[in-house]
Amino acid sequence: MKKTVLVSGGAGFIGSHVTVELIAAGYDVVVADNMSNCDLTCFEGVKKITGREDIPFVKMDFCDMDAVRRLFSQYSIDAVIHFAAFKAVGESVAEPLKYYKNNLISFMNILESGCPNVLFSSSATVYGEPEQVPVTEQSPRQPATSPYGNTKQICEDILQDTVKASGGALRGILLRYFNPIGAHPSALIGELPRGVPNNLVPFITQTAIGKRECLSIFGNDYPTADGTCLRDYIDIVDLAKAHVYAVRRMLDGKMEQGCEVYNVGTGRPVSVLELVNAFEKVNNLKLNYKFAPRRAGDVTAIWADPTLANEKLGWKAERSVEDTLKSAWAWELHLAGK
Ligand code: UFG
């Protein structure tokens, strides 16, 4: 029988790509979102890509336990992938309670629903400034530098503790994402940042299209080869596929521990300047950029050791950074109606 996966926050950037890949892999999907940080653009795109007009969509807030109960009584859910959360680092510093309330309560409500399989979207931010790179899942977590980062760590702990206490009734997977970038090759879904983008690639594409005047590269005096920060940029479709492998492992009863943790990255460090240069080259354009002071809170260098996900999930990042940067640009052009 077909299994049903609930994607909370499924109308957003990562959630919409995951919905596409789950449907392609033969799962039924229920999408739920409160639409606080997106519109229906991506959900409409998902329907076009999959050719499925009938994907159930529930507009709801996971902080509302009555709404969560109603959702779980309406649908028979085999697994939840939880994305519904606030994600702006700077905003979380200014409004910590907003972040703690929303990100923690919504996740606890999901766990209280009693669903036996829960996958949580964590982040490489839990590693802070790592002493050694690449980081493995065993690398120590560092104290979070923002309330946003702290909610990721606390949710990881909540899931670990709840799995432990469940006596085998609950299985959990924590996926620690590195830097997700790009868009679906169809250019029908992608990232839709509200206001001025915080993240590098949306800022690059908006500068290239003329929405922003100039990209500031934050810091060129880091102890790296070209002086700019190193990150592990993971293609959004590759990242989405990792969720399918992880959910399959849960639902097929293949897990070796109650709660498993995986890095989702390429294992390949790329500097900010390299990324900018690659964007210019593959899309055959010139980007207006300048070097600016370091951004507070940025780590110098972090990239993944993805061996565990490669071996246990059977997943591997496949798309080149060049193809990913082409897809990011195609999405920006699509948004501009070009
Ligand atoms: N950068 C620029 N200019 C910009 C934007 C970013 O030079 O306009 C640089 C940053 O300094 C950094 C790199 O590009 O060196 C990547 O920055 P992003 O903001 O795209 O990504 P981060 O690595 O800072 O963010 C990641 C995750 C977040 C998480 C954060 C925690 O995407 O979800 O790490 O530090 F919260």
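Look above for the structure.
Predicted, not measured: the structure shown is a model, and the values here were computed from it.

## Let's talk about the side chain of N117
Argument step 1. As for its position among the elements, N117 is in strand β5 (residues 117-123).
Argument step 2. A polar side-chain atom of N117 sits 2.9 Å from the main-chain carbonyl oxygen of D78.
Argument step 3. If we ignore the near neighbours within four places in the chain, the residues touching N117 are D78, A79, V80, L170, R171, M250 and L251.

## Thoughts on the pattern of salt bridges
Argument step 1. One pass over the full model with this rule turns up 19 salt bridges.
Argument step 2. Taking the shortest distance from any N to any O, the salt bridge between K47 and E44 comes out at 3.7 Å. Here K47 and its partner E44 are both found in helix α2 (residues 41-50), 3 residues apart, which amounts to about one turn of the helix.
Argument step 3. With a relative accessible area of 13%, K47 lands in the buried category.
Argument step 4. With relative accessibility at 36%, the residue E44 sits in the partly exposed group.

## Description of the environment of G12
Argument step 1. Turning to its location among the elements, G12 is positioned in the loop between β1 (4-8) and α1 (13-24).
Argument step 2. You can call G12 buried: its relative accessible area is 15%.
Argument step 3. Distance from G12 to F43, taken between C-alpha atoms, is 8.1 Å for residues 31 residues apart in sequence.
Argument step 4. Not counting residues up to four positions away in its chain, the partners in contact with G12 are D33, C38 and C42.

## Thoughts on the site of the ligand
Argument step 1. Around the ligand sit 18 residues in total, of which Y148, L200, S216, R231 and D298 are the nearest.
Argument step 2. Measuring from an oxygen atom of the ligand, one finds a backbone N or O atom of N198 at 3.4 Å.
Argument step 3. The side chain of N199 places a nitrogen or oxygen atom 3.0 Å from an oxygen atom of the ligand.
Argument step 4. About the coverage of the ligand: the protein hides 87% of its 680 Å² of free accessible area.
Argument step 5. Those elements that provide at least two residues to the shell around the ligand are α7 (200-209) and β8 (215-218).
Argument step 6. Broken down by element, the shell around the ligand gets its largest block of residues, 4 residues, from β8.

Cut-offs and rules
- Residues numbered from 1 in each chain as written.
- Predicted model: local features only at pLDDT ≥ 70, side-chain atom pairs only at ≥ 80, totals over all residues.
- Heavy atoms only, no water.
- Helix = DSSP H or I, 4+ residues; strand = E, 2+ residues; numbered from the N terminus.
- Polar contact = N/O pair within 3.5 Å; in protein donor to acceptor, adjacent residues only side chain to side chain.
- Contact = heavy atoms within 4.5 Å.
- Salt bridge = Lys/Arg side-chain N within 4 Å of Asp/Glu carboxyl O.
- Buried < 20%, exposed > 50% of the residue type's maximum accessible area, 1.4 Å probe, protein only.
- Near = heavy atom within 4 Å.
- Areas by Shrake-Rupley, 256 points an atom, 1.4 Å probe, with all protein chains shown as cover.

As far as function goes, none of this settles anything; it's purely spatial.
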